[in-house]
Amino acid sequence: MPSLSEHSPLELYCLDSGAVDSGELPLIIIHGLLGSADNWRSHIRAWRQKRRVIAVDLRNHGRSPHADGMSYAAMSDDVLALMDRLHLDRAHVLGHSMGGKVAMSLARLAPERVASLLVADIAPVAYSHGHDEIFAAMREVQNGWPVDRREADALLARHIDSRAVRLFLATNLQRGEGQLTLRVGLDQIIDGYPDIIAPPAGEAAYNGPCMVLRGADSDYVQDAMLPTLREMLPKARIITLKDAGHWLHADQPDAFSQAVATFIEAHPG
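My aim in this report is to walk through the structure given alongside it, one point at a time. Along each chain, residues carry numbers from 1 onward, in the same order as the chain's sequence is written. The predicted origin of the model limits local features to residues at a pLDDT of at least 70 and limits the giving and counting of side-chain atom pairs to 80 or more, whereas totals for whole chains, interfaces and linings rest on all residues. Side-chain calculation: all heavy atoms of the structure are included, whereas hydrogens and water are not.

**Brief notes about the overall build of the chain**
Going by this rule: Per the convention used, a helix needs a DSSP run of H or I reaching at least four residues, while a strand needs a run of E reaching at least two, with both numbered from the N terminus. Both definitions apply: the radius of gyration is a C-alpha atom measure, and the globule rule equals 2.2 Å times residues to the power 0.38. Buried means the residue's accessible area, taken with a 1.4 Å probe over protein chains only, is under 20% of the maximum for its type, while exposed means over 50%, and partly exposed covers the values in between. In this description, contact between two residues means that some pair of their heavy atoms is separated by no more than 4.5 Å. Working definition of accessibility: Shrake-Rupley area with a 1.4 Å probe, residue cover restricted to the visible protein chains. Counted as positive: Lys and Arg. Counted as negative: Asp and Glu, with His and the chain ends omitted from the count. By convention, the point assigned to a charge is CZ for Arg, NZ for Lys, CD for Glu and CG for Asp.
Helices and strands together make up the secondary structure of the chain, namely eleven helices and nine strands. Here the chain has a C-alpha radius of gyration of 18 Å; the compact-globule value for 269 residues is 18 Å, and the two agree. If you line up the chain on its principal axes, its C-alpha atoms span 50 × 40 × 35 Å. For the chain, buried positions account for 54% of its 269 residues. Of the contacts formed within the chain by residues at least 6 apart in sequence, a portion of 77% connects residues at least 24 apart. In the form shown here, the chain has an accessible surface area of approximately 11,800 Å², with 48% of it arising from carbon and sulfur atoms. Computed over 26 positive and 34 negative side-chain charges, the separation of the two mean positions in the chain equals 6 Å.

Structure below.
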């Protein structure tokens, strides 16, 4: 397939559950900002019983390469190149937060490759700058050369009070020579942040089956955003999970997993 962006696609790392002899289309999972495929291991175990599940590391995240450019067209290109590499003509596509915008972009730019679209707690709108403290905390770790996770947590705590958020950010640590380092392309992510908070790529609406899951305690998908969402995703079914925030798949894992499985089974493609 021709490139959808001005960038050459990167060869993304992925967690692949392997083929399942069920005749069901696979599910591709796309994580959010500063997340990775590793965050989805428990859900992969649940869903792989019925279908092949592939969780990607987006560019500048996890074990994937670092490169300039965080536009949604470029990130969609990367995922399409992964599908080509794995010989996947079509798949169900699930994206959380920033990954939800990648998934929406993919569905708009290459709808023939998307059997159904599942979006977790993000709307197709431009958001305000909201990650200054998180980026500052990551810089503390990058420049502080912690020798263990305790030191890394102390550096993160200079900017982040929430232990849950610090634990999430700590998933981006890797062991180097005598110290912990970041495995994310922090410079590239910060430079590309204006593109990250922008709307998804593409011009046309995605008219395929779609479900949008939002957390009742999250403000990422507000009612005021729904007209824009329905314009882009006219067939979207919107489900609100109680007692769940932005990381709804972690706050309500069973309800989230069941909602995804039920929707995909109702729209086998």
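After presenting the structure, the write-up continues.
**Notes on the nonpolar core**
The line we're drawing: To define a nonpolar core, start from buried Ala, Val, Leu, Ile, Met, Phe, Trp, Tyr and Cys residues and group those joined through side-chain atoms within 4.5 Å.
By size, the foremost hydrophobic cluster in this structure holds 70 residues, and its most contacted members are I28, I30, L34, L117, M138, L169 and L233. The element contributing the most residues to this core is helix α2 (residues 72–85), with seven residues. For L233, the residues in contact, after removing those within four places along its chain, are M104, L117, Y206, C210 and V212.

**Description of unusual backbone geometry**
The phi angle at H87 is positive, at roughly 60°, despite the residue not being glycine. As for its position among the elements, H87 is in the loop between α2 and β4 (91–96). A relative accessible area of 71% means that H87 is categorised as exposed. One non-glycine residue with positive phi stands out, namely D121, at about 55°. For D121, the location among the structural elements is in the loop between β5 (114–120) and α4 (132–144).

**Brief notes about the sheet that holds β5**
Defined as follows: For two strands to pair, DSSP has to find at least two bridges joining them. The angle between two axes is taken between their N-to-C directions and runs from 0 to 180 degrees, where each axis is a line fitted to C-alpha atoms and a helix contributes only its stretch in contact.
Read from one edge to the other, the open sheet built from seven strands follows the order β1-β3-β2-β4-β5-β8-β9, with strand pairing classed as mixed. Two strands lie at the open edges of the sheet, namely β1 (14–16) and β9 (236–241), each paired on one side alone. Looking at each pair of strands side by side, their axes are set apart by 15° on average, direction ignored. α2 rests against β1, β2 (27–30), β3 (53–56) and β4 of the sheet, and its axis sits at about 150° to β2.

**Here's the deal with the packing of aromatic side chains**
Applied cut-off: The rule is short: rings of Phe, Tyr and Trp, with Trp giving its six-membered ring, pair when the centres are within 6.5 Å, and they are stacked under 30 degrees, edge-to-face over 60, tilted in between.
Under the definition given, this model contains five aromatic pairs. Consider the rings of W40 and F256, whose centres lie 6.0 Å apart with planes at 50°: the pair is tilted. Of this pair, W40 sits in the loop between β2 and α1 (41–47) while F256 sits in helix α11 (residues 253–266); the two residues are 216 residues apart in sequence, bridging distant segments of the chain. Here F256 falls in the buried class, since its relative accessible area comes to 0%. Note on F135 and Y193: the rings are 5.3 Å apart at their centroids and 90° apart in plane angle, and the pair reads as edge-to-face.

**A short note on the environment of A136**
When you line up the elements, A136 lands in helix α4. Here A136 falls in the partly exposed class, since its relative accessible area comes to 23%. C-alpha separation for the pair A136 and L156, spaced 20 residues apart in sequence, amounts to 8.5 Å.

**A look at the pairing of β5**
One face of the sheet, then the other: side chains in a regular strand alternate in exactly this way. The condition is simple: Seen with its strands pointing away from the viewer, a crossover is right-handed if its path from the first strand over the helix to the second goes clockwise.
Within β5, seven of the seven residues are buried, which leaves it mostly tucked inside the rest of the structure. Examined bridge by bridge, β4 and β5 share six bridges and lie parallel to one another. Looking at the pairing, V93 lines up with L117 of β5. Following the chain from β4 across helix α3 (residues 98–109) to the adjacent parallel β5, one finds a crossover that is right-handed. Pairing of β5 with strand β8 (residues 210–215), which is carried by four bridges, proceeds in the parallel orientation. If you follow A120 over to β8, its bridge partner there is L213.

**A word on the pattern of salt bridges**
Just so we agree on the cut-off: Salt bridges are defined by distance alone: a side-chain nitrogen of Lys or Arg within 4 Å of a carboxyl oxygen of Asp or Glu.
Going through the model one piece at a time under the given rule, you end up with 13 salt bridges. Ionic pairing is found between D38 and R63, a salt bridge with its closest N-O pair at 3.1 Å. One end of the pair, D38, is in the loop between β2 and α1; the other, R63, is in the loop between β3 and α2, with 25 residues separating them in the sequence. Residue classification places D38 among the partly exposed positions, given a relative accessible area of 21%.

**Concerning the pairing of β8**
Where burial is concerned, most of β8 is hidden: six out of the six residues are buried. Note that β8 and β9 share six bridges and pair parallel. Looking at β9, one finds that L213 is bridged to I239. Assessed by its sense of winding, the connection that carries the chain from β8 through helix α9 (residues 226–232) to β9 is right-handed.

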